[in-house]
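# Fold and contact review
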Amino acid sequence: MKKTKNLIILLVVLAVAIVIYIAATIIANREEKNNETPEETKITIIDKTASDVASVSLESSSSNYTIELSSSTYYLKDDHTFPLDQTKAQAILETVSSVECNRLVSETGGDSADYGLDKPLYTITAAYTDGAALTFKIGDYNRHTDSYYLSIEGEGKVYLIDKSFTSGFEYSMKDLLTDEKITEPDDGFGCVTAIEIAFSDGTAYKYTLIPATIAESGSEEEDTEESWRLTLADGKIIPGDFTEKANNIYDELFDFVPSDWVDYNVAEEEQLAKYGLSEPYATITVFYEDIVTISGEDGSSSTVTKPVEKNFSVKLGNILPDSGEADDAETSDSPDTTEDSGYNTEKNTSTADGSSSSANNNPEEETEIERYFLIGGGKIVYIASENDFEETLTFVASETEEE
């Protein structure tokens, strides 16, 4: 009898569990079905092309700008000197040229906190060439539908729109600047003939390519391999082959990616002086041989190729005010030197009190020194860390005898 009673209880519990499972499955399927956005339910808000968009204004917690289209070129409103990335600008205008929502959520609530529309993530105002204008507000993210709530100012309705709609508006103004590039020679390090690093205090050193030689038949001289020589500012030649060092400097320069930019359209002497770039802390110049094709003389259609010496440079200016370097450490704004070899300019990273972390034997106290950075011929002031140019700004020589 007792066994029968226990069996009945177990069957009842099992039946209840089955009912709960079935109910949960039905609810889940219903919710999933409600969250589906079939293609036929798409709601077209506007259907135009990018050329139909006259301007787009964006307001968010991190950005506030207006992009306008004029004569097939995109500009920042009120600042046509800003080097605006045309591809990104076009993508932003294209985003508001054709807008489709997944579905209508509510006939009211366009400013409701329930959807995050009282404090929107983005407020986007699009003006169109036909005189129409729309202001979109982007609210909270709905994780179930992988979309955002959206309302249109003056309408009051609440929609769900695919999250891809917001991707173009994630650009800050700093993201919209067209970066200048350090153009690498076509043949890379193979066509470089010299690299010179010159400091504001007159300290300088130069790595120079010494081409390979083939001795004439019967000569007592021997063939020599290609090598790189290091010469100091006073003409002293440091013994040794610096091929690897020169190659490392080259790689360091072309692997460099600025962490940020601080100013643009900088060209006047006064502007450059503001960042210490009129008399830079360090100027790095790369000399290389380029092969160019020129037309024949006298109007001939034939062409010839010939090597041409070229060069480009980059400049490191003042230390950023918030870079962690003490004022007294800036009083000697040149490579640190020691007396061990007479010409050892191995640079030590300075700590906040201006002393060498190597001397303190505490590498954890090292600070990252950041400087203003300019590409030769460029007009954008970037930020560079001295750590990014560790190979470039230092050399170690154990001997100083002339060859």
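Structure: see above.
Scope of this entry: the structure provided in the associated data block. (Residues numbered from 1 in each chain as written. Predicted model: local features only at pLDDT ≥ 70, side-chain atom pairs only at ≥ 80, totals over all residues. Heavy atoms only, no water.)

In this section: the packing of aromatic side chains. By the definition in use, this model includes 21 aromatic pairs. With centroids separated by 5.4 Å and ring planes inclined at 70 degrees, the aromatic side chains of Phe 199 and Tyr 281 adopt a geometry described as edge-to-face. With Phe 199 in strand β11 (residues 192–199) and Tyr 281 in the loop between α4 (269–274) and β16 (282–295), the pair connects residues that are 82 residues apart, well separated along the chain. With respect to class, Phe 199 is no different from Tyr 281; both count as buried. Taking 5.9 Å as the distance between ring centres and 75 degrees as the angle between the ring planes, the aromatic pair formed by Trp 261 and Tyr 264 counts as edge-to-face. The exposure classification of Trp 261 matches that of Tyr 264, with both residues buried. Grouped by ring-pair contacts, the aromatic residues Phe 189, Trp 228, Tyr 250, Phe 254, Tyr 288 and Phe 312 constitute a single cluster. In this structure, Lys 174 is placed above the aromatic ring of Trp 261, and the distance from its NZ or CZ to the ring centre is 5.2 Å. Above the plane of the ring of Phe 287 lies Lys 206, whose end atom (NZ or CZ) is 4.8 Å from the centre. (Phe/Tyr/Trp six-rings, centres within 6.5 Å; stacked < 30°, edge-to-face > 60°. Helix = DSSP H or I, 4+ residues; strand = E, 2+ residues; numbered from the N terminus. Buried < 20%, exposed > 50% of the residue type's maximum accessible area, 1.4 Å probe, protein only. Lys NZ or Arg CZ within 6 Å of the ring centre and 35° of its normal.)

Here the focus is a negative patch on the surface. A contiguous patch of negative charge on the surface is contributed by Glu 268, Glu 269, Glu 270 and Glu 279. In this structure, Glu 279 sits in the loop between α4 and β16. (Patch = residues over 30% accessible without salt bridge, like charges linked within 9 Å, V, L, I, M, F, W, Y side chains within 5 Å. Areas by Shrake-Rupley, 256 points an atom, 1.4 Å probe, with all protein chains shown as cover. Salt bridge = Lys/Arg side-chain N within 4 Å of Asp/Glu carboxyl O. Lys, Arg positive; Asp, Glu negative; His and termini not counted. Charge placed at Lys NZ, Arg CZ, Asp CG, Glu CD.)

Its place among the elements puts Glu 269 in helix α4. Between the C-alpha atom of Glu 269 and that of Glu 279, which follows or precedes it by 10 residues, the distance is 9.8 Å.

Sheets are built from strands that pair by backbone hydrogen bonding, the pairs being arranged parallel or antiparallel. Reading across from one edge, β4-β3-β2-β7-β8-β9-β10-β6 is the order of the eight strands in this open sheet, with antiparallel pairing throughout. The sheet terminates laterally at β4 (73–76) and β6 (103–106), the two strands that pair on one side only. Sheet twist, expressed as the average angle between the axes of neighbouring strands with direction ignored, equals 25 degrees. Bridge analysis of strand β8 (residues 133–142) against strand β9 (residues 147–152) gives five bridges, and the strand direction is antiparallel. From the neighbouring strand, Asn 142 faces β9, where its bridge partner is Ser 147. (Pairing = 2+ DSSP bridges. Axes fitted to C-alpha atoms, helices over the stretch in contact; angles between N-to-C directions.)

On to the nonpolar core, then. Of all hydrophobic cores here, the largest spans 71 residues; its most connected members are Ile 67, Ile 124, Phe 136, Tyr 207 and Phe 373. It is helix α3 (residues 243–255) that contributes the most residues to this core, five residues altogether. Ignoring any residue separated from it by four or fewer positions in sequence, one finds Ile 124 in contact with Val 56, Ser 57, Leu 58, Val 96, Leu 134, Thr 135, Phe 136, Ile 138, Phe 165 and Phe 169. Counting residues in each nonpolar core, the second largest holds nine residues, with Leu 277, Tyr 372, Val 381 and Ile 383 among its members. (Core = buried A, V, L, I, M, F, W, Y, C linked by side-chain atoms within 4.5 Å. Contact = heavy atoms within 4.5 Å.)

Let's shift gears to the side chain of Ser 172. Positionally, Ser 172 belongs in the loop between β10 (158–162) and β11. Using a relative accessible area of 19% as the deciding quantity, one classes Ser 172 as buried. Look past the residues within four positions of Ser 172 in its chain and what remains in contact with it is Ser 63 and Tyr 65.

Buried within helix α2 (residues 86–95) we find Ala 89, Ile 92, Leu 93 and Thr 95. Angularly, the buried residues of α2 cover 155 degrees about the axis, an arc narrow enough to put them on a single face. Of the surrounding elements, those touching the buried residues of α2 are β2 (53–60), β3 (64–70), β4 and β5 (98–101). Of the residues that open α2, the one with a side-chain oxygen 3.0 Å from the backbone nitrogen of Thr 87 is Asp 85. (Arc of directions from axis to C-beta. Polar contact = N/O pair within 3.5 Å; in protein donor to acceptor, adjacent residues only side chain to side chain.)

This next bit is on the environment of Trp 228. Within the secondary structure, Trp 228 sits in strand β13 (residues 227–232). Spatially, the C-alpha atoms of Trp 228 and Pro 211 are 8.5 Å apart, while their sequence positions differ by 17 residues.

Below, the discussion takes up α3. Residues that lie three or four places apart on an α-helix share one face, since the helix turns once every 3.6 residues. Taking 1.5 Å as the rise per residue, α3 with 13 residues should run 18 Å; its terminal C-alpha atoms sit 18 Å apart, in good agreement. For α3, the complete set of buried residues consists of Lys 245, Ala 246, Ile 249, Tyr 250, Glu 252, Leu 253 and Phe 254. (Expected span 1.5 Å × (residues − 1).)

Below, the discussion takes up the side chain of Ser 55. Mapped onto the elements of the fold, Ser 55 is located in strand β2. Beyond its immediate stretch of four places on either side in the chain, Ser 55 contacts Thr 66, Ile 67, Glu 68, Thr 125, Ala 126 and Ala 127.

For the structure shown, the criterion picks out seven salt bridges. Between Asp 130 and Lys 48 there is a salt bridge whose closest N-O contact spans 2.7 Å. Here Asp 130 is found in the loop between β7 (122–128) and β8, whereas its partner Lys 48 is found in the loop between β1 (43–47) and β2, with 82 residues between them in sequence. Residues Asp 111 and Lys 137 are paired through a salt bridge, measuring 3.0 Å at the closest nitrogen-oxygen approach.

On a regular strand, each side chain points to the face opposite its neighbour's, so the side chains alternate between the two faces of the sheet. Judged by how many residues are buried, β7 sits mostly within the fold: five of seven residues are covered. As paired elements, β2 and β7 share seven bridges and run antiparallel to each other. By the bridge assignment, Glu 59 is partnered in β7 with Thr 123. Hairpin geometry of β7 and β8 is characterised by an intervening segment of four residues between the two adjacent antiparallel strands and by a positive phi of about 95 degrees at Gly 131.

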